[in-house]
Protein chains: 2
Amino acid sequence: MTAGRLDIVGLGPGPADWATPEVLAIVEQASDLVGYGPYLQRLPVQPMQRQHASGNRVELERAREALDLALEGRRVALVSSGDPGIFAMAATVFEVIEADAARWRAVEIAVHPGVSAMLAAAARLGAPLGHDFAVMSLSDNLKPWPIVERRLTAAAEADFVMVFYNPASKARPQQIQAALALLRKLRPAGTVVALARAVGHPGEHITLTTLGAADASAVDMNTLVLVGSSATRSIPRGDGRQWIYTPRRYGAST
Amino acid sequence: MTAGRLDIVGLGPGPADWATPEVLAIVEQASDLVGYGPYLQRLPVQPMQRQHASGNRVELERAREALDLALEGRRVALVSSGDPGIFAMAATVFEVIEADAARWRAVEIAVHPGVSAMLAAAARLGAPLGHDFAVMSLSDNLKPWPIVERRLTAAAEADFVMVFYNPASKARPQQIQAALALLRKLRPAGTVVALARAVGHPGEHITLTTLGAADASAVDMNTLVLVGSSATRSIPRGDGRQWIYTPRRYGAST
């Protein structure tokens, strides 16, 4: 039996025209698609193609299933939303491989980049990631909360723009509250804050606010939270709304 | 005269199949393409379409030209490589608008996300951005070097994975040398370092090394430098090379 291959792909954060042609071709040609059910539902069903949908909280099992199918000789696409390398399935696959390295050695593996949710949110907002930024998950499911606090403090004190993935969920509404409370001690109340909910999906909603006024209860698991640096600013759009952006120039240089 | 529109787009870091269908459609339908010459050369010439190529160091002039063409009623696409919001043209456009806000108010503007160079580099390497990371430009053309040092120190001490854009150029080879020297005081010599040169282009070359062994002279303006966290690790690939990845799990949690 010849082992097959596993392509780890991301569809982008929403509409089909944010998925790269590379990824669309891989998905079309795969014998097996493995992924979280709602992501697979975004794809047309191909004749002879098998879909293996799984739930939201079974990343390790999903990665193992994809690797085992590839080991059987199948041509497998493991499908994420956004980019597969940003808080998504690519790291999970390597975690599974490392735990049993000999087992899947014959499987050919490739990771393919996609448009990440933070890039889509940034585009809707203007150019908030135009200068140095830090990206963090606020979930403490897999890391101790003191590590989150340490990284928040470091990023705030060094005046990075910040992007928060997994800022809250029904089971843990307190993380974004705690993060905002911490940041309010370190950054001015007027610091730009953006809540980008479901960018690229029908429920897309952007809220521009400030660190002093930001309402943690408006943040859910589909929201990316962006906190500006001291240089991030808002300017009026022609339509009465605001753009936010972070200039390339910082501080007193030339 | 009715003002036109300006779409700020990125083609992705290299091959045409990394550009999103959204961006390809905008570029095809534009009356005018504005951008750095080599990026425009990656695009097919459309009948009746005008190309406005510019040099590498004239970002403000290029943004002004794109806005002025849109003001004349043209349908303008301002073309970057990668994602237009990550150390690219989107922030420059808003900088120009802010300096003369009334002038371009009638121009309709949109920013469209693309695959950024760091996502492409990460995909080639495995999943190094699978957990918290910080992204910085090492250039001190537009910010004072002490700010770079402060951010490097903060990111290293808080154990972020780090990505460096603009790590060096012929005119300033010393930034990556100074950055590595600083990091060697703060992080173990065995820390994973990757040099990702020209990802997606014919000269693509990946070097996996360590903080102790990394050779700054191998870094040029087409290289992204990635420095792992304490959790970033390498595992063998089937082909004898190595993957690197950063697990979702951190420290002693659960």
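Residues numbered from 1 in each chain as written. Chains lettered and ligands numbered in written order. Predicted model: local features only at pLDDT ≥ 70, side-chain atom pairs only at ≥ 80, totals over all residues.

Chemist: Describe the packing of helix H6 (residues 145–157) of chain A against helix H6 (residues 145–157) of chain B, listing the residues and the values that go with them.
Modeler: Here H6 of chain A crosses H6 of chain B at 180 degrees, and the two axes come no closer than 9 Å. With respect to each other, H6 of chain A and H6 of chain B are oriented roughly antiparallel. Counted together, Ala-154, Ala-155 and Glu-157 of chain A of H6 of chain A and Ala-154, Ala-155 and Glu-157 of chain B of H6 of chain B form the full contact between these two elements. Residue composition of the contact of H6 of chain A with H6 of chain B, by class: four nonpolar, no polar and two charged. (Axes fitted to C-alpha atoms, helices over the stretch in contact; angles between N-to-C directions. Helix = DSSP H or I, 4+ residues; strand = E, 2+ residues; numbered from the N terminus. Parallel < 35°, antiparallel > 145°, perpendicular 65-115°, else oblique. Contact = placed C-beta atoms within 7 Å. Nonpolar A, V, L, I, M, F, W, Y, C, P; charged D, E, K, R; others polar.)

Chemist: Explain the interface of chain B and chain A residue by residue, including any values.
Modeler: Interface size is commonly expressed as the accessible area that is lost once the parts come together. The interface is formed by 66 residues belonging to chain B together with 66 residues belonging to chain A. A class-by-class count of the residues in the side of chain B that touches chain A yields 38 nonpolar, 13 polar and 15 charged.

Chemist: Give a detailed account of the domain arrangement of chain A, specifying residues and quantitative values.
Modeler: All names here are of chain A. For chain A, the domain assignment lists domain 1 (5–115) and domain 2 (118–245). Put simply, the middle of domain 1 and the middle of domain 2, counted by C-alpha atoms, are 28 Å apart. Contacts between domain 1 and domain 2 engage six residues on the former and eight residues on the latter. Here the side of domain 1 that touches domain 2 is composed, by residue class, of five nonpolar, one polar and no charged. (Domains from an automatic or database assignment.)

Chemist: So what about the environment of Asp-132 of chain B? Which residues, and what values?
Modeler: Along the chain, the position of Asp-132 of chain B falls in the loop between strand S6 (126–127) and strand S7 (133–137). For the pair Asp-132 of chain B and Met-162 of chain B, spaced 30 residues apart in sequence, the C-alpha to C-alpha distance is 9.0 Å. Those residues in contact with Asp-132 of chain B that sit more than four places away from it in its chain are Val-135, Met-136, Ser-137 and Arg-151 of chain A together with Phe-160 and Val-161 of chain B.

Chemist: Requested: an account of helix H7 (residues 174–186) of chain A, with residues and values cited.
Modeler: Given a rise of 1.5 Å per residue, 13 residues ought to cover 18 Å, and the 19 Å separating the end C-alpha atoms of H7 of chain A matches this to within 8%. On its buried side, H7 of chain A packs onto H6, strand S8 (161–165) and strand S11 (223–227) of chain A. (Expected span 1.5 Å × (residues − 1).)

Chemist: Hey, could you go over the relation of the copies chain B and chain A for me, with residue numbers and the actual values?
Modeler: Superposing chain B onto chain A requires a rotation of 180 degrees together with a translation of 0.0 Å along the rotation axis, leaving an RMSD of 0.0 Å. On this basis, the relationship between the two copies can be described by a two-fold rotation axis. Considering only C-alpha atoms, the part of chain B nearest the rotation axis is Ala-134 of chain B, at 2.0 Å. Both copies present the same face, since 100% of the interface residues in chain B are matched by interface residues at the equivalent positions in chain A. (Least-squares fit on C-alpha atoms with pLDDT ≥ 70 in both.)

Chemist: Can you lay out the packing of H6 of chain A against H7 of chain A for me, pointing to particular residues and giving the numbers?
Modeler: All names here are of chain A. Look at H6 against H7: their axes get within 10 Å of each other, and the N-to-C directions meet at 35 degrees. Helix-helix and strand crossings are classified by hand; for H6 and H7 the assignment is right-handed. Residue-level contacts link Glu-149, Leu-152, Thr-153, Ala-156 and Glu-157 of H6 to Ala-179, Leu-182, Leu-183 and Leu-186 of H7. (Left-handed = near helix turned anticlockwise from the far one by under 90°.)

Chemist: Describe the sheet that holds strand S2 (residues 32–36) of chain B, and please don't skip the residues or the numbers.
Modeler: Residue and element names in this part refer to chain B. The parallel open sheet is built from five strands, whose spatial order is S3-S2-S4-S1-S5. Every other strand in the sheet has two partners, leaving strand S3 (50–54) and strand S5 (108–111) as the edge strands with one partner each. Between one strand and the next, the sheet's axes are offset by a mean angle of 15 degrees, whatever the strand orientation. Pairing of S2 with strand S4 (residues 75–80) involves four bridges; the strand directions are parallel. Of the residues in S4, the one forming a bridge with Gly-35 is Val-79. (Pairing = 2+ DSSP bridges.)

Chemist: Which residues make up the confidence of the model for chain A, and what values do they have?
Modeler: Of the residues in chain A, 98% reach a pLDDT of 70 or more, and the chain-wide mean stands at 94. Here the predicted complex carries an ipTM of 0.96, next to a pTM of 0.96. (pLDDT = per-residue confidence, 0-100.)

Chemist: Would you mind going over the sheet that holds strand S10 (residues 205–210) of chain B in detail, with residue names and values included?
Modeler: Across the sheet, which stays open at both edges, the ten strands sit in the order S10(A)-S9(A)-S11(A)-S8(A)-S7(A)-S7(B)-S8(B)-S11(B)-S9(B)-S10(B) with mixed pairing between neighbours. One side of each edge strand has no neighbouring strand; the edge strands of this open sheet are strand S10 (205–210) of chain A together with S10 of chain B. Neighbour to neighbour, the strand axes of the sheet diverge by 15 degrees on average, direction disregarded. Relative to S10 of chain B, strand S9 (residues 192–197) of chain B is paired through six bridges, and the arrangement is antiparallel.

Chemist: Can you tell me about unusual backbone geometry, naming the residues and giving the values?
Modeler: Residue and element names in this part refer to chain A. Despite not being glycine, Phe-87 has its phi angle at roughly 50 degrees, a positive value. Assignment of secondary structure puts Phe-87 in the loop between strand S4 (75–80) and helix H4 (89–99). In this structure, Asp-159 takes a positive phi of about 65 degrees despite not being glycine. Note that Asp-159 resides in the loop between H6 and S8. We classify Asp-159 as buried; it has 23 C-beta atoms within 10 Å. (Buried ≥ 20, exposed ≤ 12 C-beta atoms within 10 Å, placed from the backbone.)

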